[in-house]
Amino acid sequence: MNYISTRNNSKKVSFEHVFLKGLSEEGGLFIPEKLKKFNNKELKELSNLNYKNLALSIIKIFTGNFISELDLKKLIYKSYSNFREDNVVKVNKFNQNYLLELYHGPTLAFKDVAMQLIGNFYEYYLKKNSKKINIVVATSGDTGAAAIDAIRGKKNINIFVLHPNNKISSIQRKLMTTTEDENVFNLAINGNFDDCQNLVKSMFSDISFSNSINMSGVNSINWARIVAQTVYYFYSYFQIGKENLSYSVPTGNFGDVYAGYVAKQMGLPIDKLIVATNQNDILHRAISNGDYNSKKVEETISPSMDIQVASNFERLLYDLYSKNSEKVKSIMMSIKDNSFSIQRDELKKLQSDFISERLDENEILNTIKDFYEKFNIIIDPHTAIGVGAVKKLDISEAVILATAHPCKFPIAIDKAISKTEKLPGSIDYIHNKEEKFEVISNDLKKVKNYIINSI
Ligand SMILES: *Cc1c(COP(=O)(O)O)cnc(C)c1O
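Note that the structure is a prediction, hence the values are computed from the model and not measured. (Residues numbered from 1 in each chain as written. Predicted model: local features only at pLDDT ≥ 70, side-chain atom pairs only at ≥ 80, totals over all residues. Heavy atoms only, no water.)

Novice: Would you explain empty space enclosed by the protein in this entry?
Specialist: Over the atoms, a rolling probe the size of a water molecule traces out where space has been left empty. Here the structure, examined in full by the defined rule, presents five cavities of 30 Å³ or more. Considering only enclosed or pocket space, the largest cavity measures out at about 270 Å³ in volume. Forming the boundary of the largest cavity are 26 residues, of which F110, K111, G252, N253 and S304 lie nearest the centre. When contributions to the lining of the largest cavity are tallied by element, the ones reaching two or more residues are helix 6 (142-151), helix 10 (223-240) and helix 11 (255-265). Sort the elements by how many residues they give to the lining of the largest cavity and helix 11 lands first, with three residues. When the residues that make up the lining of the largest cavity are grouped by side-chain class, the tally is 10 nonpolar, 12 polar and four charged. If you add up the space inside the second largest cavity, you get close to 130 Å³. (1 Å grid on protein atoms, 1.4 Å probe; cavity = no way out; pocket = protein on both sides within 12 Å on 5 of 7 lines; lining within 4 Å. Points joined across faces, edges and corners; volume = space filled by probe spheres on them. Helix = DSSP H or I, 4+ residues; strand = E, 2+ residues; numbered from the N terminus. Nonpolar A, V, L, I, M, F, W, Y, C, P; charged D, E, K, R; others polar.)

Novice: Help me understand the pattern of salt bridges in this model?
Specialist: Under the defined criterion, the tally for this structure stands at 24 salt bridges. Note that D353 and K264 form a salt bridge whose closest N and O atoms lie 2.8 Å from each other. Taken together, the positions of D353 in helix 15 (residues 344-353) and K264 in helix 11 put the pair 89 residues apart, joining distant regions of the chain. A single burial state applies to D353 and to K264, both of which are buried. (Salt bridge = Lys/Arg side-chain N within 4 Å of Asp/Glu carboxyl O. Buried < 20%, exposed > 50% of the residue type's maximum accessible area, 1.4 Å probe, protein only.)

Novice: Before we go on, may I ask you to explain the side chain of K111 in this structure?
Specialist: Checked against the element boundaries, K111 lands in helix 5 (residues 111-129). Buried charged residue K111 carries no salt bridge. Nearest counter-charge: D142, at 4.6 Å. Dropping the residues within four chain positions of it, K111 is found in contact with D142, T143, A146 and R225. (Lys, Arg positive; Asp, Glu negative; His and termini not counted. Contact = heavy atoms within 4.5 Å.)

Novice: Whenever I open this one, the pairing of strand 5 (residues 97-101) confuses me. Can you help?
Specialist: The side chains of a regular strand alternate between the sheet's two faces. The buried fraction of strand 5 is high, at five of five residues. Pairing of strand 4 (residues 90-94) with strand 5 involves five bridges; the strand directions are antiparallel. Bridge pairing in strand 5 places K93 opposite Y98. Taking the residues between adjacent antiparallel strands as the criterion, strand 4 and strand 5 are bridged by two residues, where N95 takes a positive phi near 45 degrees. The pairing of strand 5 with strand 13 (residues 398-402) spans four bridges and is parallel. Bridging from a neighbouring strand, Y98 pairs with V399 of strand 13. (Pairing = 2+ DSSP bridges.)

Novice: What's the story with the environment of Y122 in this structure? I'm lost.
Specialist: Among the secondary structure elements, Y122 is positioned in helix 5. Assessed through its relative accessible area of 0%, Y122 is described here as buried. Taking C-alpha positions, Y122 is 11 Å from I67, a pair spaced 55 residues apart along the chain. Residue contacts for Y122: discarding those within four places in its chain leaves F19, L20, I133, I135, I151, I157, S216, G217, V218 and N222.

Novice: In this structure, what is going on with the environment of N222? I would like to understand it.
Specialist: Residue position: N222 is located in the loop between strand 9 (215-216) and helix 10. With 94 residues separating them in the primary sequence, N222 and L316 have C-alpha atoms 15 Å apart. Ignoring any residue separated from it by four or fewer positions in sequence, one finds N222 in contact with F19, I118, Y122 and G217. Reaching out from N222, the side chain makes a polar contact with the backbone oxygen of F19 at a distance of 3.3 Å. (Polar contact = N/O pair within 3.5 Å; in protein donor to acceptor, adjacent residues only side chain to side chain.)

Novice: Looking at this structure, I do not really get the site of the ligand. What am I missing?
Specialist: The ligand sits among 15 residues. The nearest are K111, D142, G252, N253 and D256. Between the ligand and K111 there is a distance of 2.6 Å, counted from an oxygen atom to a side-chain nitrogen or oxygen. With the chains in place, 98% of the 380 Å² that the ligand exposes on its own is no longer accessible. Structurally, the ligand is housed in the largest cavity. Looking at the shell around the ligand residue by residue, the classes come out as five nonpolar, seven polar and three charged. (Near = heavy atom within 4 Å. Areas by Shrake-Rupley, 256 points an atom, 1.4 Å probe, with all protein chains shown as cover. Sits in = over half its atoms within 2 Å of the grid points.)

Novice: What is the right way to read the layout of surface pockets from this model?
Specialist: There is about 750 Å³ of room inside the largest pocket. Contributing elements (two or more residues each) for the lining of the largest pocket: helix 8 (193-205), helix 13 (313-320) and helix 14 (325-336). A per-element tally of the lining of the largest pocket places helix 8 first, with six residues. Of the residues in the lining of the largest pocket, the class split is 11 nonpolar, nine polar and nine charged. In terms of lining residues, the second largest pocket is bounded by 20 residues, among which F94, K374, V387, V390 and K391 are the most central. Of all the elements in the fold, those that place two or more residues in the lining of the second largest pocket are helix 16 (361-375) and helix 17 (381-393). Of all the elements, helix 16 adds the most residues to the lining of the second largest pocket, at seven residues.

Novice: Got a minute to help me understand the packing of aromatic side chains in this structure?
Specialist: Here the distance between the centres and the angle between the planes together describe a pair of aromatic rings. This model, assessed by the stated rule, comprises 32 aromatic pairs. With 5.6 Å between their ring centres and 85 degrees between their planes, F19 and F121 make a pair best called edge-to-face. With F19 in helix 1 (residues 15-21) and F121 in helix 5, this residue pair connects regions lying 102 residues apart in the sequence. Assigned by exposure class, F19 and F121 land together as buried. The side chain of K448 reaches across the aromatic face of F209, ending 5.3 Å from its centre. (Phe/Tyr/Trp six-rings, centres within 6.5 Å; stacked < 30°, edge-to-face > 60°. Lys NZ or Arg CZ within 6 Å of the ring centre and 35° of its normal.)

Treat this as a map of the structure, not an account of what it does.
Here it is as structure tokens:
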């Protein structure tokens with residue numbers, strides 16, 4: 001499979017390039033030149049597979065000669081061996097809808113599903129090629145923990161994680177900062193998530209810097225993450241066995257819901273993808289009326305979605321604007337100036353796949369409370385946004401992605417239902433361990449220096 005960039009579709013690159021570089025030289029995002037579309041017979045065959053074999057059948061389409069099928073199978077089995085569910089994820093029915101529990105991995109959020117695999121991809125690649133790399137990644141809370149767990153202790157690889165100082169839950173922070181492995185570095189940036197993401201983007205586009213440290217990225221723009229996430233759309237669709245399911249996805253950087261869009265493009269007959277946001281609602285405004293004006297990021301009880309620059313949206317724009325990479329380039333400029341809106345024809349196209357809804361803080365708390373009272377299930381604030389969106393839109397036969405374990409957000413849960421959700425025993429240790437992180441101002445030069453001095 002060949003890949004191109006959303007900002008330059010004349011240059012073709014391999015999966016290896018896409019995986020290691022993350023971002024193209026023009027600052028664009030990589031996408032396959034052409035996606036495979038499964039026919040009904042192929043879908044039927046896929047529907048009989050367990051999660052790991054299904055993952056193999058889907059992921060091998062994208063990895064090309066990066067890895068042999070046998071080695072890929074080994075890596076998939078290894079990656080998912082430390083999940084608390086044999087089939088990695090779990091479908092839970094309530095009323096006319098379904099919860100797709102994605103938080104049974106080591107750091108209790110859906111990001112483990114892709115990240116565990118990616119950690120092993122790196123290890124495989126570096127061993128084969130005797131190389132060393134440095135991963136630099138921004139996190140709104142969950143990516144960092146998932147990435148650290150996937151990379152810690154591995155040879156020839158360091159990981160630097162930038163999180164917004166004091167803007168993530170203490171459990172989220174402790175999952176990152178109590179790691180003892182010497183290849184893990186936590187940077188608490190005095191700013192918000194978008195600031196962290198901008199610092200990482202600036203380092204990537206500074207070619208001499210990024211080449212000098214052999215920099216690589218695992219943010220949700222990494223195509224390998226998207227691919228790994230498409231698997232659970234297929235798996236849950238087959239498990240439920242009904243036609244025309246819609247998926248409600250708590251959305252921040254537009255990675256997870258974009259994976260659903262890729263699954264749909266590959267032939268999975270998903271009806272609508274519901275983009276559910278908190279009050280940082282740029283994507284809800286964009287999808288409901290074309291308004292793509294970025295506002296100031298507000299802190300909420302769903303911190304992993306406190307984002308106003310949804311990086312992966314660029315991939316969708318590429319499709320909406322007829323795969324015209326020059327057009328995408330100019331749109332990205334006007335987004336930077338905050339002067340972009342989606343016009344009528346493109347909006348119509350967008351709305352044929354996506355609908356959206358937003359929840360404010362009270363609605364989130366009320367949804368957690370309602371859900372607990374009705375079904376005796378505790379959902380985390382992010383998942384509650386997916387649940388609440390389905391209710392507000394009055395949709396049934398929807399699958400809601402349960403993106404994090406409620407114990408990661410004890411303050412919000414306590415506020416909603418006056419209860420504390422305990423950490424699973426295997427993770428309880430984080431409470432008694434010393435934390436290690438460096439507070440740094442939102443300053444590119446300081447961050448670069450810290451990285452250079454650490455390696
Ligand atoms: C990262 C995250 C999201 C948002 O996912 P995107 O791919 O960034 O849209 C939602 N919920 C939780 C718990 C997360 O960690």
